[in-house]
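Geometric and topological summary
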Amino acid sequence: MKRILTFLLAGLMAVSLAACSETASQESSQPSSASSSSQASEPEETSSSEQSQASSSSGKETPEADGGESNMLVVYFSYAENADLPEGVDAFATASIQTWNNTLTGNTGVVANMIAESTGADLFSIRTVEKYPASYDETLDQGQQEQRADARPALTALPKNLEDYDVIFLGFPNWWGDMPMALYSLLDQVELSGKTIVPFVTSGGSGFSDTIRTIESLESNATIQEGLALQNSSAAGAQEQVDEWLSGLGYAG
């Protein structure tokens with residue numbers, strides 16, 4: 001009897017041990033929840049080239065540097081600044097002589113200063129080596145002789161650092177339907193290609209005559225903008241007209 005009980009107990013123990021072994025085997029084959037969670041939260045590695053591409057595509061483009069305002073220069077020829085005027089000349093005795101800030105100039109010089117003050121532009125006065133006569137009528141006669149001879153009067157100086165200027169206001173009186181030959185002397189010696197030329201003229205009533213076409217032919221690689229023509233008699237009081245013209249071109253200060 002005892003022998004039978006012994007065999008029964010041994011069988012039960014074998015069955016129990018087999019069940020425990022199977023359970024342990026199943027548990028060991030499954031990953032732990034901590035290990036699984038750790039793998040899920042770990043980010044994938046990104047190659048350096050992929051990081052570079054991502055940074056490039058998401059970053060803002062560097063804006064282009066803003067260009068400064070166009071530098072402007074007023075270049076002009078005016079009678080009184082080129083005439084051999086006597087000391088103490090009366091500026092009110094002739095309409096061809098004007099004053100600006102207590103300095104003698106001509107009608108074109110007055111307009112040139114108006115433009116400079118309204119735009120902040122620099123000024124350059126064209127000066128000839130040989131002075132013109134004190135009499136304006138004699139000066140006009142000499143100017144006509146120079147035209148017929150296609151002369152190029154020598155100038156005392158040329159504008160410096162022209163490469164720094166984008167816009168050139170070019171002013172002159174109308175002499176016998178043309179520019180004074182000193183303007184030809186200047187334009188023959190300076191390089192204005194790629195620049196914007198804005199002409200202005202003072203006259204007895206003939207305006208620009210054919211001078212715009214002349215400037216275009218002499219400076220074919222420059223842009224010529226709409227000019228301003230003023231009568232000599234109205235030059236001294238033309239500030240409002242000058243400002244309206246400048247505003248229309250976008251140059252008013």
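Residues numbered from 1 in each chain as written. Predicted model: local features only at pLDDT ≥ 70, side-chain atom pairs only at ≥ 80, totals over all residues. Heavy atoms only, no water.

Right, let's talk about helix α6 (residues 181-189) for a bit. Along an α-helix, a turn takes 3.6 residues, which lines up residues three or four apart on a common side. The element α6 is largely enclosed, with a buried count of 7 among its 9 residues. Met-181, Ala-182, Leu-183, Tyr-184, Ser-185, Leu-186 and Leu-187 are the residues of α6 that are buried. Elements in contact with the buried residues of α6: β1 (72-76), α5 (136-148), β5 (167-173) and α7 (211-218). (Buried < 20%, exposed > 50% of the residue type's maximum accessible area, 1.4 Å probe, protein only. Helix = DSSP H or I, 4+ residues; strand = E, 2+ residues; numbered from the N terminus. Contact = heavy atoms within 4.5 Å.)

A pair can form between side chains of opposite charge whenever their charged atoms are brought close. This structure, assessed with the given rule, holds 4 salt bridges. Here Asp-188 and Arg-152 are joined by a salt bridge, their closest N and O atoms 2.6 Å apart. Here Asp-188 is found in helix α6, whereas its partner Arg-152 is found in the loop between α5 and β5, with 36 residues between them in sequence. Overall, Asp-188 belongs to the partly exposed group, its relative accessible area being 47%. Residue Arg-152 is classed as partly exposed on the basis of its relative accessible area of 35%. In this structure, the salt-bridge partner of Arg-213 is Asp-210, at a minimum N-O distance of 3.7 Å. Its relative accessible area of 41% is what places Asp-210 among the partly exposed residues. (Salt bridge = Lys/Arg side-chain N within 4 Å of Asp/Glu carboxyl O.)

With respect to the helices and strands, Leu-228 occurs in strand β8 (residues 228-231). The exposure class of Leu-228 is buried, given its relative accessible area of 7%. Residues Leu-228 and Trp-245 lie 17 residues apart in sequence; the distance between their C-alpha atoms is 7.1 Å. Setting aside anything within four residues of it in sequence, one finds Leu-228 in contact with Pro-199, Phe-200, Val-201, Phe-208, Gln-241, Val-242 and Trp-245.

A large share of β1 lies buried, amounting to 5 of its 5 residues. Burial along β1 is two-sided: Met-72, Val-74 and Tyr-76 and Leu-73 and Val-75, pointing in opposite directions, are all buried. As judged from the 5 bridges shared by β1 and β5, these two strands associate in the parallel manner. Across the sheet, residue Val-74 finds its bridge partner in β5, namely Phe-169. Direction of pairing for β1 relative to strand β4 (residues 122-125): parallel, over a ladder of 4 bridges. Along β4, the bridge assignment pairs Tyr-76 with Ser-125. (Pairing = 2+ DSSP bridges.)

Within strand β6 (residues 196-203), 8 of the 8 residues are buried, which leaves the element mostly enclosed by the surrounding structure. Taking every second residue as pointing to the same face, both faces of β6 are buried, with Thr-196, Val-198, Phe-200 and Thr-202 on one and Ile-197, Pro-199, Val-201 and Ser-203 on the other. In terms of strand pairing, β5 meets β6 through 7 bridges, oriented parallel. Its bridge partner lying in β6, Phe-169 is registered against Val-198. Crossover handedness for the path β5 to α6 to β6: right-handed. Sheet analysis places β6 next to strand β7 (residues 223-224), joined by 2 bridges and oriented parallel. Bridge assignment links Thr-196 to a residue of β7, and that residue is Thr-223. (Right-handed = clockwise from strand over helix to strand, strands pointing away.)

Each pair of aromatic rings is reported with the distance of its centres and the angle of its planes. For the coordinates displayed, the defined rule picks out 7 aromatic pairs. Where Phe-77 meets Trp-175, the ring centres are 5.5 Å apart and the plane angle is 90 degrees; that geometry is what we call edge-to-face. Of this pair, Phe-77 sits in the loop between β1 and β2 (98-100) while Trp-175 sits in the loop between β5 and α6, and the two are 98 residues apart along the sequence. Consider the rings of Tyr-79 and Tyr-136, whose centres lie 4.8 Å apart with planes at 70 degrees: the pair is edge-to-face. Residue Tyr-79 is found in the loop between β1 and β2, and its partner Tyr-136 is found in helix α5; the two are separated by 57 residues along the sequence. Tyr-136 gets classed as partly exposed once you look at its relative accessible area, which sits at 21%. (Phe/Tyr/Trp six-rings, centres within 6.5 Å; stacked < 30°, edge-to-face > 60°.)

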